[in-house]
Amino acid sequence: MLLVLPVLLGCAAEPSPDTPPPSSPGPTSPSGSAGSAPPASPADVAARLRALEREFAARVGVSVVDTGGGPGTSYRGGARFGHASTIKAFAAAAFLRLVPEAERGEVVRWTAADLAEAGYAPVTEQHLDAGLPLERLAEAAVRESDNLAYNLVLERIGGPPVLDDELARLGDDVTEVVSFEDELNDIEPGSTADTTTADAFAGALADLVTGEHLAGADRALLLDWMSGNVTGDALIRAGAPDGWDVADKSGGAGGLRNDVAVVTPPDDEPLVVVVLTEKRDPDADYDDALVARVAEVVLG
C-alpha cells in the first residue's frame, strides 16, 4: 500500500539548513481516500532531509501531492529555485491545450544560428535541413530536453507570457517564466525571473494529472512523453520503490538539479513529486544522487 506522509515542514524564507523551517501546509490534494500504511514521522523525515542538505552542501525544496486525497508533503516548499528545464513539461502541456490537433503536424525549420543560441539540442541538430513537425518538437523538448525544440514550441504558443498565463490557469501564480533557453538557466541573485517553488509546481502538475486542463488523450500523450524521458533515470526514478512507475521531467544547470514527476505505486493513485535542489557553492556542479536520495526519503 502507499506510504502516506503527513504534511511536512515548509517555508517561503530561507532558514539555516540546520534549523527546521516553521510548519505550513503543502499543496492541497484532490479529494479521495488515503492509503492505510502507518505514516512516517514528519520530524524524522525533515531531519533526514536536513542531513542530506548538510551532506551535499545544498538546499532542497520538496513537495508531494497525493492525488488520492492523502496528506501532502512539503519541505521548504515555498523557497524559490531556478526551474531550469523542468518548465518544458508545462510548455508541452500548454502546446497540447492551445494548438489544435490539425496544426500540430506543421513542419518548422530553423537555422544554425538558432542551434548555437539554444545550446543543448540533441534532436534538432539532426534535422537542420528538413525541420520537424511541431508535435515532434514538443515531444523532443520533454523526452530529450532539447533546448531549441522548447524555444520553437514556446514561440508557437506565444512566448513566456502565454506560458505564465497557462500556469496561472493551473493555480500557479508563483512561477515566473521570462527567458528562452538557454538564458533561463542564468538566475540572478535575488531575482524571481525563471524561478519557481516546489509547492507551486506540484500543485500545477497535480492539476494537469487530475483536472480538466487537458483533454484525456492529450493528458495521456504528455504522460507518455514524460514516461520516456531519457534524462531522468538517475533522479526520482532512481529513488522510487521497485515497481513504481515514474513519468518525469528533469532540469539542471550549474548547481541546480531538479525533477518533477508523476509517481504511480502499484494499485494506488498517483503521487505528484517535485524535488528542487541547489548547491550552496555557486561554482559547484549539481549532483543527481541528491535528487534520488531525497526521493527515497519522501517516498519511503
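This one's a predicted model, so the numbers in the text were calculated from it and none came from an experiment.

1. Considering the confidence of the model for the protein
So, point 1. Chain-level pLDDT for the protein is 89 on average; 87% of the residues reach the 70-or-more range.
So, point 2. Note on residues 1-26: pLDDT is under 50 here. Beyond four places in sequence and across chains, it has 96 contacts.
So, point 3. Per-residue pLDDT stays below 50 along residues 28-37; that stretch engages in 30 contacts with residues further than four places along the chain or on separate chains.

2. Points about helix α10 (residues 288-299)
A turn of α-helix holds 3.6 residues, and therefore any two residues three or four places apart point the same way.
So, point 1. Compared with an ideal rise of 1.5 Å per residue, which puts 12 residues at 16 Å, α10 spans 17 Å between its outermost C-alpha atoms and is within 8% of the ideal.
So, point 2. Considered for burial, the residues of α10 that qualify are L290, V291, A292, V294, A295, V297, V298 and L299.
So, point 3. Buried residues in α10 make contact with α1 (42-56), β1 (58-66), β2 (73-75), α9 (236-239), β8 (256-264) and β9 (271-279).
So, point 4. Its side-chain oxygen 3.0 Å from the backbone nitrogen of A289, D287 forms the N-cap of α10.
So, point 5. Phi turns positive, to about 50 degrees, at G300, one or two residues after α10.

3. Some remarks on the sheet that holds β9
So, point 1. Reading across from one edge, β2-β1-β9-β8-β7 is the order of the 5 strands in this open sheet, with antiparallel pairing throughout. In the strand order of this sheet, the two ends are held by β2 and β7 (245-253), each with one partner. With strand direction ignored, the average angle separating the axes of adjacent strands in the sheet is 10 degrees.
So, point 2. Inspection of the sheet shows β8 paired to β9 by 8 bridges, in the antiparallel sense. Its bridge partner lying in β9, N258 is registered against L276.
So, point 3. Where helix α8 (residues 216-227) meets the sheet, its contacts fall on β7 and β8, and the angle it forms with β7 comes to roughly 65 degrees.

4. Concerning the packing of helix α5 (residues 147-157) against helix α6 (residues 160-169)
So, point 1. Close contact between α5 and α6 brings their axes to 7 Å; oriented N to C, the two are set at 80 degrees. Comparing their axes, α6 and α5 come out roughly perpendicular. Judged by residue contacts, Y150, L154 and I157 of α5 engage P160, V162 and L163 from α6.
So, point 2. Residues belonging to the contact of α5 with α6 are distributed by class as follows: 6 nonpolar, no polar and no charged.

5. Some points on the pattern of salt bridges
So, point 1. The full count for this structure, using the stated rule, is 14 salt bridges.
So, point 2. Taking the shortest distance from any N to any O, the salt bridge between R143 and D224 comes out at 2.8 Å. Separated by 81 residues along the polypeptide, R143 in helix α4 (residues 134-143) and D224 in helix α8 bring together distant segments of the chain.
So, point 3. A salt bridge links R237 to D248, with the nearest nitrogen and oxygen atoms 2.8 Å apart. Pair noted here: R237 is in helix α9 and D248 is in strand β7, with a separation of 11 residues, a long-range link.
So, point 4. Judged by relative accessible area, D248 falls into the buried class, the value being 0%.

6. Looking at the packing of aromatic side chains
So, point 1. The final tally for this structure, using the stated rule, is 1 aromatic pair.
So, point 2. Ring geometry for F90 versus F201: centroids 4.5 Å apart, planes at 35 degrees, classification tilted. Note that F90 is positioned in helix α2 (residues 87-98) and F201 in helix α7 (residues 198-210), a separation of 111 residues in sequence.
So, point 3. Sitting above the plane of the F81 ring, R59 keeps its charged end 4.0 Å from the centroid.

7. With respect to a negative patch on the surface
So, point 1. Among the surface-exposed residues, E117, D182, E183, D186 and E188 lie close enough to one another that they form a single negatively charged patch.
So, point 2. Relative to the helices and strands, E183 is located in the loop between α6 and β6 (195-197).
So, point 3. Residue E183 is classed as partly exposed on the basis of its relative accessible area of 34%.

8. Quick look at the nonpolar core
So, point 1. Formed by 56 residues in total, the largest nonpolar core has its most connected members in I87, F90, Y150, L163 and L222.
So, point 2. With 9 residues, α2 is the largest single contributor of residues to this core.
So, point 3. Among residues more than four places away in sequence, those in contact with F90 are L163, L167, L170, F201, A204, L205 and L208.
So, point 4. By size, the runner-up hydrophobic cluster in this structure holds 27 residues, among which are F56, W244, V294 and V298.

Thresholds, definitions, all that
Residues numbered from 1 in each chain as written. Predicted model: local features only at pLDDT ≥ 70, side-chain atom pairs only at ≥ 80, totals over all residues. Heavy atoms only, no water. pLDDT = per-residue confidence, 0-100. Contact = heavy atoms within 4.5 Å. Helix = DSSP H or I, 4+ residues; strand = E, 2+ residues; numbered from the N terminus. Expected span 1.5 Å × (residues − 1). Buried < 20%, exposed > 50% of the residue type's maximum accessible area, 1.4 Å probe, protein only. Polar contact = N/O pair within 3.5 Å; in protein donor to acceptor, adjacent residues only side chain to side chain. Pairing = 2+ DSSP bridges. Axes fitted to C-alpha atoms, helices over the stretch in contact; angles between N-to-C directions. Parallel < 35°, antiparallel > 145°, perpendicular 65-115°, else oblique. Nonpolar A, V, L, I, M, F, W, Y, C, P; charged D, E, K, R; others polar. Salt bridge = Lys/Arg side-chain N within 4 Å of Asp/Glu carboxyl O. Phe/Tyr/Trp six-rings, centres within 6.5 Å; stacked < 30°, edge-to-face > 60°. Lys NZ or Arg CZ within 6 Å of the ring centre and 35° of its normal. Patch = residues over 30% accessible without salt bridge, like charges linked within 9 Å, V, L, I, M, F, W, Y side chains within 5 Å. Areas by Shrake-Rupley, 256 points an atom, 1.4 Å probe, with all protein chains shown as cover. Lys, Arg positive; Asp, Glu negative; His and termini not counted. Charge placed at Lys NZ, Arg CZ, Asp CG, Glu CD. Core = buried A, V, L, I, M, F, W, Y, C linked by side-chain atoms within 4.5 Å.

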